[in-house]
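Next come the chains, spelled out residue by residue.
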Amino acid sequence: MCLGDSAGDRTEVHFSGFAIGYNASTAVVGETTAAVNTFVVKSTDFEFSPAVYLVGARIAGLVGIHFFNETAERPMSH
């Protein structure tokens, strides 16, 4: 038995919605990162700007995690 089988038909909708959002955001951010960092390094001559970019992304991720509400124990019913 698959874990999704116990939640009913709505599980596919939840997983599909999450997958589309995750993949779209990964494509947009992942594809532009190299171009943005190359542009910033060439225009500012600051070779550590990719490191600053990564630190900023990490801080944004930590802020997001701080405000995230855990939903593991909640039922998937609406």
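As the structure is a computational prediction, the values presented were derived from the model and not from experiment.

Reading the values: rules and limits
- Residues numbered from 1 in each chain as written.
- Predicted model: local features only at pLDDT ≥ 70, side-chain atom pairs only at ≥ 80, totals over all residues.
- Heavy atoms only, no water.
- Helix = DSSP H or I, 4+ residues; strand = E, 2+ residues; numbered from the N terminus.
- Buried < 20%, exposed > 50% of the residue type's maximum accessible area, 1.4 Å probe, protein only.
- Areas by Shrake-Rupley, 256 points an atom, 1.4 Å probe, with all protein chains shown as cover.
- Contact = heavy atoms within 4.5 Å.
- Patch = residues over 30% accessible without salt bridge, like charges linked within 9 Å, V, L, I, M, F, W, Y side chains within 5 Å.
- Salt bridge = Lys/Arg side-chain N within 4 Å of Asp/Glu carboxyl O.

1. Examining the overall build of the protein
When helices and strands are tallied, the protein shows 2 helices and 0 strands. Buried positions account for 5% of the 78 residues belonging to the protein. Summing over all exposed atoms, the protein offers an accessible surface of approximately 6,900 Å²; the carbon and sulfur share of this is 66%.

2. A word on the side chain of Asn-37
Turning to its location among the elements, Asn-37 is positioned in helix α1 (residues 10–44). Taking relative accessible area as the criterion, Asn-37 reaches 13% and is therefore assigned buried. Asn-37 has contacts with Ser-49, Pro-50 and Tyr-53, leaving out every residue within four places of it along the chain.

3. Overview of unusual backbone geometry
Unlike most non-glycine residues, Asp-45 shows phi in positive territory, near 55°. Its place among the elements puts Asp-45 in the loop between α1 and α2 (49–66).

4. With respect to the side chain of Ser-49
With respect to the secondary-structure elements, Ser-49 resides in helix α2. Discounting chain neighbours no more than four positions away, the residues touching Ser-49 are Asn-37, Val-40 and Val-41.

5. Things to note about a nonpolar patch on the surface
Judged by side-chain polarity, Val-28, Val-29, Val-36, Tyr-53 and Leu-54 come together as a nonpolar surface patch covering roughly 440 Å² of accessible area. By residue number, the principal contributor to the nonpolar patch is α1, which donates 3 residues. Here Tyr-53 lies in helix α2.

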